[in-house]
Amino acid sequence: MKVEFFKHNIGDDEKASLIGTLDSLFLTTGERVRQFEKEFATYMNVRHCVAVTSCTEALIVCMKALGIGPGDEVITTPLTFAATSLAIIHAGAHPVWVDVEGATGNIDVSMIENAITEKTRAILPVHLYGQMCDMRKIREIADRYGLVVIEDCAHSLESQRDGVRPGQLSDAACFSFYATKSITCGEGGALITNCARLAEKAKCLRLHGINSGAEERYTKRYEHWDLLETGMKCNMSDIQASLLLPQIKKIDRFWERRREIYTMYEDAFYDLKKISMPRILPGSKSAYHLFTIWVAPETRDFFLSRLQDRGIGVAVHYRAIHLLTAFQRLYGKKRGDFPIAEKIGDSTISLPIYPRLTDEEVAHVIETVMFLCNSM
Ligand SMILES: *Cc1c(COP(=O)(O)O)cnc(C)c1O
């Protein structure tokens, strides 16, 4: 049996929606993007959404719109995809890593204050695997030191903690619609915010810094435009938005199925001595974006290899990023600097979890993991 690590959910609704867009006049940012922004903001219960081409670009646009740049420091986690820190670097600032909590893999909020200097401008938490960080505490620290908060919500579309959802306590929250995320158009991203000025500036920055969109320029009578900012080029196209629009209505159904799968795995692995799992904290609704097991570091690569031999797609989220070559070259961090992130990074294995995964496939993954545990 072959079990893919991920399968997307593009079906007949998305195909029909895409064809509708291909028959329209302009394929770039227009009516479908506006509709997506409106519906996504409504789903997230925030005032504004600005759609871009990736979560990475959304993070960069947010930082630039908030005036974060050269000389500034942004506090974030070393246990995330490299893009979180790359976005900080591309905005011109420097990432300052803070180690994570052993139970969840999220940034250890109790260590944030120690990392604050006169150069700190922002805190950039990542809600790893779909379990949210403690946003109330993060907001409280940020307010005390006059910092902004930008959330990396690439894993946490559906998350909630103590009644707080992404975008509600931060200045902005950024999402990914990359190929393996819970809704996808291959590549895509968005930021949400309750601040009208930030949303307006982000709209300008995503399209070079020009004061009107392509649609306005071509569908209305010609008017001279101006360049207000030295912006980027990362506006979402109507092609991408048309694939995402039908999926918004299915987010909760998709989540429900991932929760079922998560529970099957959790029940099966609960008593296995060789496996531990991140905790979902009381009062927390996980997005169940990834299902991750933690095994002894010296057995991790053996597990990865044997699972793939038996046809099971796997991934690693994530090896601690301060140890990656480019970041080591820039910041000179060493093994031992963030011990908990390193330990999780050396132990972690992600197993398949997505709505199209069948019960039979889940059973095959469970049996295989149990077999491997017993054969060691
Ligand atoms: C996927 C991901 C990103 C990057 O998203 P893109 O849309 O590919 O730029 C950033 N952070 C985390 C935690 C991710 O999982």
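Residues numbered from 1 in each chain as written. Predicted model: local features only at pLDDT ≥ 70, side-chain atom pairs only at ≥ 80, totals over all residues. Heavy atoms only, no water.

Caption draft 1: A look at the pairing of strand 10 (residues 291–294). Side chains Phe291 and Ile293 of strand 10 all project onto a buried face; the interleaved residues Thr292 and Trp294 project onto the opposite face, where all are buried too. Bridge analysis of strand 10 against strand 11 (residues 348–351) gives four bridges, and the strand direction is antiparallel. Pairing of Ile293 across the sheet is with Ile349, part of strand 11. (Buried < 20%, exposed > 50% of the residue type's maximum accessible area, 1.4 Å probe, protein only. Helix = DSSP H or I, 4+ residues; strand = E, 2+ residues; numbered from the N terminus. Pairing = 2+ DSSP bridges.)

Caption draft 2: Structural view of the packing of helix 9 (residues 251–269) against helix 13 (residues 359–374). In the contact formed by helix 9 and helix 13, the axes pass within 10 Å of each other and the chain directions differ by 25 degrees. As summarised for this structure, helix 9 and helix 13 are arranged roughly parallel, according to the angle between their axes. The chirality of how helix 9 crosses helix 13 is right-handed. In contact with Arg257, Ile261, Met264, Tyr265, Ala268 and Phe269 of helix 9, helix 13 contributes Asp359, Val362, Val365, Ile366, Val369 and Met370. Of the residues in the contact of helix 9 with helix 13, the class split is 10 nonpolar, no polar and two charged. (Axes fitted to C-alpha atoms, helices over the stretch in contact; angles between N-to-C directions. Parallel < 35°, antiparallel > 145°, perpendicular 65-115°, else oblique. Left-handed = near helix turned anticlockwise from the far one by under 90°. Contact = heavy atoms within 4.5 Å. Nonpolar A, V, L, I, M, F, W, Y, C, P; charged D, E, K, R; others polar.)

Caption draft 3: Structural context of helix 13. Between its terminal C-alpha atoms helix 13 stretches 22 Å, which fits the 22 Å expected from 16 residues at 1.5 Å a residue. The complete set of buried residues in helix 13 reads Glu361, Val362, His364, Val365, Ile366, Thr368, Val369, Leu372 and Cys373. Where the residues of helix 13 are buried, they touch helix 9, strand 10, helix 10 (297–309) and strand 11. (Expected span 1.5 Å × (residues − 1).)

Caption draft 4: Region of interest: the pattern of salt bridges. Within this structure, the stated rule accounts for 19 salt bridges. Residue Glu39 is joined to Lys249 by a salt bridge in which the shortest nitrogen-to-oxygen separation is 3.6 Å. Here Glu39, found in helix 2 (residues 31–44), pairs with Lys249, found in the loop between helix 8 (238–248) and helix 9; they are 210 residues apart in sequence, far enough to count as distant. A relative accessible area of 62% means that Lys249 is categorised as exposed. Between Asp143 and Arg139 there is a salt bridge, with the nearest N and O atoms lying 3.2 Å from each other. Taken together, the residues Asp143 and Arg139, both in helix 5 (residues 135–145) and four residues apart, mark about one turn of the helix. One continuous salt-bridge network, built from bridges that share partners, spans Asp13, Glu14 and Lys250. (Salt bridge = Lys/Arg side-chain N within 4 Å of Asp/Glu carboxyl O.)

Caption draft 5: Structural view of the sheet that holds strand 7 (residues 172–176). An order of 1-8-7-5-4-2-3 is seen for the seven strands of this open sheet, with the pairing classed as mixed. Edge positions in the open sheet fall to strand 1 (48–52) and strand 3 (94–97), since each of these has one partner strand only. Neighbour-to-neighbour, the strand axes of this sheet turn through a mean angle of 25 degrees, independent of strand direction. Of the strand pairs in this sheet, strand 2 (residues 73–76) and strand 3 are connected by four bridges, and their pairing is parallel. Among the inter-strand pairings, Val74 is bridged to a residue of strand 3, identified as Pro95.

Caption draft 6: A look at the side chain of Gln240. Within the secondary structure layout, Gln240 lies in helix 8. A polar side-chain atom of Gln240 sits 2.9 Å from the main-chain amide nitrogen of Ser237. With near-sequence residues (within four places) excluded, Gln240 lies in contact with Thr53, Cys185, Glu187 and Gly188. (Polar contact = N/O pair within 3.5 Å; in protein donor to acceptor, adjacent residues only side chain to side chain.)

No statement about biological role is implied by the geometric values presented.
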